[in-house]
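Structural characterization, general
Residue strings, one per chain:
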Amino acid sequence: EADIYQTPRYLVIGTGKKITLECSQTMGHDKMYWYQQDPGMELHLIHYSYGVNSTEKGDLSSESTVSRIRTEHFPLTLESARPSHTSQYLCASSEAAQPQHFGDGTRLSIL
Amino acid sequence: QKEVEQNSGPLSVPEGAIASLNCTYSDRGSQSFFWYRQYSGKSPELIMSIYSNGDKEDGRFTAQLNKASQYVSLLIRDSQPSDSATYLCAVTDGGATNKLIFGTGTLLAVQP
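Residues numbered from 1 in each chain as written. Chains lettered and ligands numbered in written order. Predicted model: local features only at pLDDT ≥ 70, side-chain atom pairs only at ≥ 80, totals over all residues. Heavy atoms only, no water.

Secondary structure assignment for chain B yields zero helices and eleven strands. N-terminal to C-terminal, the α/β element order of chain B is β-β-β-β-β-β-β-β-β-β-β. Scaling as 2.2 N^0.38, a compact globule of 112 residues should have a C-alpha radius of gyration of about 13 Å, and chain B matches this with 13 Å. The principal-axis extent of the C-alpha atoms belonging to chain B is close to 45 × 30 × 20 Å. Out of the 112 residues belonging to chain B, those deemed buried represent 46%. Partitioning the contacts of chain B with sequence separation of at least 6, the portion at a separation of at least 24 is 54%. (Helix = DSSP H or I, 4+ residues; strand = E, 2+ residues; numbered from the N terminus. Rg over C-alpha atoms; globule rule 2.2 N^0.38 Å. Buried < 20%, exposed > 50% of the residue type's maximum accessible area, 1.4 Å probe, protein only. Contact = heavy atoms within 4.5 Å.)

Residues and elements named next belong to chain A. Within the element layout of this structure, Leu76 appears in strand β8 (residues 76-78). Of the residues examined, Leu76 reaches a relative accessible area of 0% and is grouped as buried. Remark: the alpha-carbon pair of Leu76 and Lys18, spanning 58 residues in sequence, is separated by 11 Å. In contact with Leu76, not counting residues within four places along its chain, are Ile19, Thr20, Leu21, Trp34, Ile46, His47, Ser64, Thr65 and Val66.

Structure (structure tokens):
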């Protein structure tokens with residue numbers, strides 16, 4: 001069973017605030033991913049990382065940024081939240097060609 | 001543009017029947033294929049992986065892969081109401097990135 005943790009689970013916050021969504025995994029996986037998913041809609045990859053100090057933008061353009069300073073930690077930051085950022089954010093990790101395992105997600109609501 | 005296509009459904013089957021979910025992909029270089037189950041409001045959960053042509057069985061689930069036809073399917077035998085969820089087909093891209101390309105998912109509804 002994969003051990004990947006996301007905090008907070010739910011966040012309701014006002015426009016203009018800086019937000020950091022946390023994602024940590026205890027499996028030592030090199031590869032980590034952030035997806036965005038609106039209710040009933042498909043998953044969109046917004047960022048990924050293949051290791052420390054490696055980050056790439058995904059297929060869906062996002063105003064968020066990520067960092068990978070430690071193998072186990074892959075936080076996502078929004079400098080100034082807007083209502084259009086309201087969505088569910090899912091973090092995943094994997095090793096080599098193995099399947100990705102997902103955290104429980106953060107449901108973000110910007111007022 | 002690499003694509004994974006699924007029928008969005010909903011696919012409705014009676015309890016105890018076999019549910020058949022299908023997926024086609026465009027990238028011939030894809031090597032790994034996965035089925036995820038996603039309940040409403042939850043994150044995707046891996047239920048099957050398949051890497052070579054043929055069938056792979058795990059309990060009530062059978063994944064089938066045909067690389068020549070670029071087709072992967074999932075059969076759920078003895079469907080239960082608890083199987084009602086969206087099933088996502090995911091395929092690795094043909095490069096070395098291990099990025100997954102997800103289909104839009106098929107909504108399965110098992111009627112008691």
